[in-house]
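Inside the fold
Here are the chains, one letter per residue:
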Amino acid sequence: MANNNSSSKDTYVLVHGAWHTGETLEPTARIIREQGHDVHCPTLAGNRPGDDYAKLSLQDAIDDLVAYLEKNDLKDVRLMGHSYGGMLISGAAERVPERIRRLVYVNAFVPNPGECLADMTPPNFRELFDAMNKANNGAVVLPYPIWREAFINDADGELAQKAYDVLHPQPYRCFVDPLPLKAPLAALEIGKSYVNCVEDTAMPHSLPWHPRLSERLGLFRYVACAGSHESLFTQPEALAKAIIAAGRD
Amino acid sequence: MANNNSSSKDTYVLVHGAWHTGETLEPTARIIREQGHDVHCPTLAGNRPGDDYAKLSLQDAIDDLVAYLEKNDLKDVRLMGHSYGGMLISGAAERVPERIRRLVYVNAFVPNPGECLADMTPPNFRELFDAMNKANNGAVVLPYPIWREAFINDADGELAQKAYDVLHPQPYRCFVDPLPLKAPLAALEIGKSYVNCVEDTAMPHSLPWHPRLSERLGLFRYVACAGSHESLFTQPEALAKAIIAAGRD
Amino acid sequence: MANNNSSSKDTYVLVHGAWHTGETLEPTARIIREQGHDVHCPTLAGNRPGDDYAKLSLQDAIDDLVAYLEKNDLKDVRLMGHSYGGMLISGAAERVPERIRRLVYVNAFVPNPGECLADMTPPNFRELFDAMNKANNGAVVLPYPIWREAFINDADGELAQKAYDVLHPQPYRCFVDPLPLKAPLAALEIGKSYVNCVEDTAMPHSLPWHPRLSERLGLFRYVACAGSHESLFTQPEALAKAIIAAGRD
């Protein structure tokens, strides 16, 4: 195992959630970099301007993440996934485990083998995804009232709107394609952490991110963080600190 | 819709809980006013010195709240209800929805149509209410040990006693009269927020305020706050900040 | 009842958890002492260097705690138990209730009459205890990966290792001996508090310390605290403040 020292220079790859781009994680990344670490925030297939929403799949995004790690020859990576990004880091972990030091889920989906993201959401989410898919030829858009009340509840109205304006439509297939893992993530011999932003109600608290999804990781490190599902916009300092606490050693 | 701007001057009406008066919300109100807002803290029927505990009803208190909003011609109101106050703002919202911009529940009861407050409490609360009603001709008093341990657990002993000394008996009917709503609150086309003081154990955490009662609101904005059920006494700054986060835009 | 005044000089006895010694509670004790209080941190039978792990029992540790209170003639004691220490203060409370002002459980076990500690843990804990008992002649050792991820998740790697190095093996019988209480703790006429360190995942959050175990106390005072199960190492200031909030009046 490589450097165990908390003052070492570590490599972080931060994987955005649905509707987001790598750019939205830059305020968080900057703070982690100030602690001396290397931080990458790629925007993956499906979340780029001009992407073909009707065709792009969950697997395309995972392929893209694996290619990014390989192309940059990244090793000992603290691989963070936010929300939908949990699907992507889970898929990549089975493909290139030798490059990954620790998986860090931030209010993220933790799929059982063969599950899709929608399987882990309340029924009304699935219905919303399906309706949008039909209406928008494969593109799912988050309605502003849901964004404002359930995703970025800790922002003021101005920040809520400003952040909403940088979101992209998300390919429907990213939500409904199953992830064919060979084994449950708990069996994967890589360290795992779960960061839980305690005001996050993107998943209702009766069907919560943690411990419902986090416990699928088996032995994992729990880190609590202030803020909503969109702490990357509302409190990047707290989020950066939590990611470092989750990723160190 | 009116002003969406977080620096605007908004109107807040803060509705006290059982045993409390409007005066107990003044420390919180003062802090909200310092942010440039208009804040009202009426003491409603049933909680005034000299009230006839045997006769006054839940409906009397709701009528009083509606009359207050109308008499002062308040519009675009952020209507906050603490604890039992959740019954009152729920009833008023159906009566004068055109005056209300957003309902803000602070560790408050959210009734289904036809429910009374006692329906949402543990069985031993109902038994306590019933026994007191018989013993005190309609007046329910909160015993000091319950107040000190379960309501104001974050105070020191001196503040716990001082705050207890300003409480009033509460008419029994406020706890057992059903609220005949025409429709579930989730169907009401008014913004809704739920502030959850995370050390509040007035409802046991196995039968919690949130998400058990908050989720009855449908889509709502969640705001966490430090402190106990009596954060209005123990940390009015945190509570004021949470109410503003809940009430803005 | 004695001094109710929060500026009074109170007597605290802090009882360590499994694998720990009284010495590990000294950083917390020092902060409580700075507030003017008297604080004792005994190391009890089973947790001393050279103890006979195969023979020492839960009852030996309780006897030791009772003897400590009697020998020092301590009165009006705020008796705090951390984790396994909850078994010990529960047992002592029935033996010398006249010496105890309040029981303070800190992420601690609260046994029903006749239960052992292992009865309150997930099945895989019991299996781990049993396997170690056989392999190590009665001594149970906490594996480092579980310590680091689930017990001291809020430490950096260096502190996690340093704290691990001062732990002792624990006699197996402390985990599997039933505690023969005469009555449920809720019936005991002594004040009770439960401090919950909210990042504690030594018990999984799906089978949590609070409210699962705390509610066995009947009416109790809840105090939330930052940090993991090992806040005594990672944030003694927060823990000391929480213990005082739990123990005062």
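Attention here is on the structure that accompanies the text. Keep in mind that what you see is a predicted model, and the values were worked out from it rather than measured. (Residues numbered from 1 in each chain as written. Chains lettered and ligands numbered in written order. Predicted model: local features only at pLDDT ≥ 70, side-chain atom pairs only at ≥ 80, totals over all residues. Heavy atoms only, no water.)

1. Quick word on the overall build of chain A
Rules: Only DSSP runs of H or I with at least four residues qualify as helices, and only runs of E with at least two residues qualify as strands; both kinds are numbered from the N terminus onward. For the radius of gyration, the atoms used are the C-alpha atoms, and the globule rule reads 2.2 Å times the number of residues raised to 0.38. Accessibility here uses a 1.4 Å probe with only protein chains present; expressed as a share of the type maximum, an area under 20% marks a residue as buried, one over 50% as exposed, and anything in between as partly exposed.
What chain A contains, in helices and strands, is nine helices and eight strands. At 17 Å, chain A has a C-alpha radius of gyration in line with the 18 Å of a compact globule built from 249 residues. By principal-axis analysis of the C-alpha atoms, chain A measures approximately 50 × 40 × 35 Å. By residue count, 62% of the 249 residues in chain A fall in the buried class.

2. Focus on helix H1 (residues 26-34) of chain A
Residues and elements named next belong to chain A. Rule in force here: Two residues qualify as a contact provided that any one of their heavy atoms is within 4.5 Å of a heavy atom in the partner residue.
Listing the buried residues of H1 in full gives Glu-26, Thr-28, Ala-29, Ile-31 and Ile-32. The inward-facing, buried residues of H1 abut strand E1 (11-15), strand E2 (38-40), helix H8 (231-234) and helix H9 (236-247). Positive phi shows up at Gly-36, right after H1, with a value of about 95°.

3. Details of the environment of Asp-64 of chain B
Residue and element names in this part refer to chain B. Test applied: Here a polar contact means two N or O atoms within 3.5 Å. Within protein one must be a hydrogen donor candidate and the other an acceptor candidate, and residues neighboring in sequence count only if both atoms are side-chain atoms.
Within the element layout of this structure, Asp-64 appears in helix H2 (residues 58-71). Owing to a relative accessible area of 18%, Asp-64 belongs among the buried residues under this scheme. In this structure, the C-alpha to C-alpha distance between Asp-64 and Pro-42, residues 22 residues apart in sequence, is 9.3 Å. Once residues within four sequence positions are removed from consideration, Asp-64 is found in contact with Thr-43, Leu-44, Ala-45 and Arg-48. A distance of 2.6 Å separates the side chain of Asp-64 from the side chain of Arg-48, its partner in a polar contact.

4. Re the sheet that holds E2 of chain A
Residues and elements named next belong to chain A. Quick reminder of the rule: Strand pairing requires that DSSP identify at least two bridges connecting the strands. As a rule, the C-alpha atoms of each element are fitted with a line to give its axis, helices using only the stretch in contact, and angles between N-to-C directions run from 0 to 180 degrees.
The strand order across the open sheet formed by six strands is E2-E1-E3-E4-E7-E8, and the pairing between neighbours is parallel. The strands lining the two open edges of the sheet, one partner per strand, are E2 and strand E8 (221-225). Neighbouring strand axes in the sheet, compared pairwise and without regard to direction, differ in orientation by 20° on average. Across five bridges, strand E7 (residues 191-197) lies against E8 in parallel orientation. Residue Cys-197 lies in a different strand from E8, and its bridge partner there is Cys-225. Contacting E1, E2 and strand E3 (77-82), helix H2 (residues 58-71) crosses the sheet at an angle of about 160° to E1.

5. Focus on the interface of chain B and chain C
What counts, and what does not: The term buried area means the drop in 1.4 Å probe accessible area that two parts suffer when joined, counted for both and summed. Put simply, a salt bridge is a Lys or Arg side-chain nitrogen that is within 4 Å of an Asp or Glu carboxyl oxygen.
Across the contact, 16 residues belong to chain B and 13 residues belong to chain C. Between chain B and chain C, the buried area comes to about 1,200 Å², and carbon and sulfur atoms account for 48% of it. When residues of chain B are sorted by the area they lose upon contact with chain C, Glu-149, Glu-199 and His-205 of chain B head the list and together hold 40% of the total. Run the count over chain B and chain C and you get three salt bridges. Between Glu-149 of chain B and Arg-221 of chain C there is a salt bridge, and its shortest N-O distance comes to 2.8 Å.

6. Topic: the sheet that holds strand E1 (residues 11-15) of chain C
Residue and element names in this part refer to chain C. Spatially, E2-E1-E3-E4-E7-E8 is the arrangement adopted by the six strands of the open sheet, whose pairing is parallel. With one partner strand each, in any of the chains shown, strand E2 (38-40) and strand E8 (221-225) form the two edges of the open sheet. Taken pair by pair, the neighbouring strands of this sheet meet at an average axis angle of 20°, ignoring direction. Alignment of E1 against E2, held across three bridges, turns out to be parallel. Residue pairing in the sheet places Thr-11 in a bridge with Asp-38 of E2.

7. So, the interface of chain C and chain A
Note the cut-off: Note that Gly is not counted as nonpolar here; it falls among the polar residues with everything else outside the nonpolar set of Ala, Val, Leu, Ile, Met, Phe, Trp, Tyr, Cys and Pro and the charged set of Asp, Glu, Lys and Arg.
The partner chain A presents 13 residues to the 16 residues of chain C that form the contact. For the pair chain C and chain A, the two sides together bury roughly 1,200 Å², of which 48% comes from carbon and sulfur. The largest contributions to the chain C side of the interface with chain A come from Glu-149, Glu-199 and His-205 of chain C, which together make up 40% of the buried area. Our count for the chain C to chain A interface comes out at three salt bridges. With five residues, the top contributor of residues to the side of chain C that touches chain A is helix H5 (residues 144-151) of chain C. Looking at side-chain class alone, the side of chain C that touches chain A contains six nonpolar, five polar and five charged residues.

8. Here we look at the pairing of E1 of chain C
All names here are of chain C. Spelled out, the test is: By definition, the crossover connecting two strands over a helix is right-handed if that path, from the first strand to the second, turns clockwise as seen with the strands pointing away from the viewer.
The buried fraction of E1 amounts to five of the five residues, a majority that puts the element mostly inside the structure. Crossover E1 to E2 through helix H1 (residues 26-34) is right-handed. Across five bridges, the pairing between E1 and strand E3 (residues 77-82) is parallel. Counted as the bridge partner of Tyr-12 is Arg-78 from E3.

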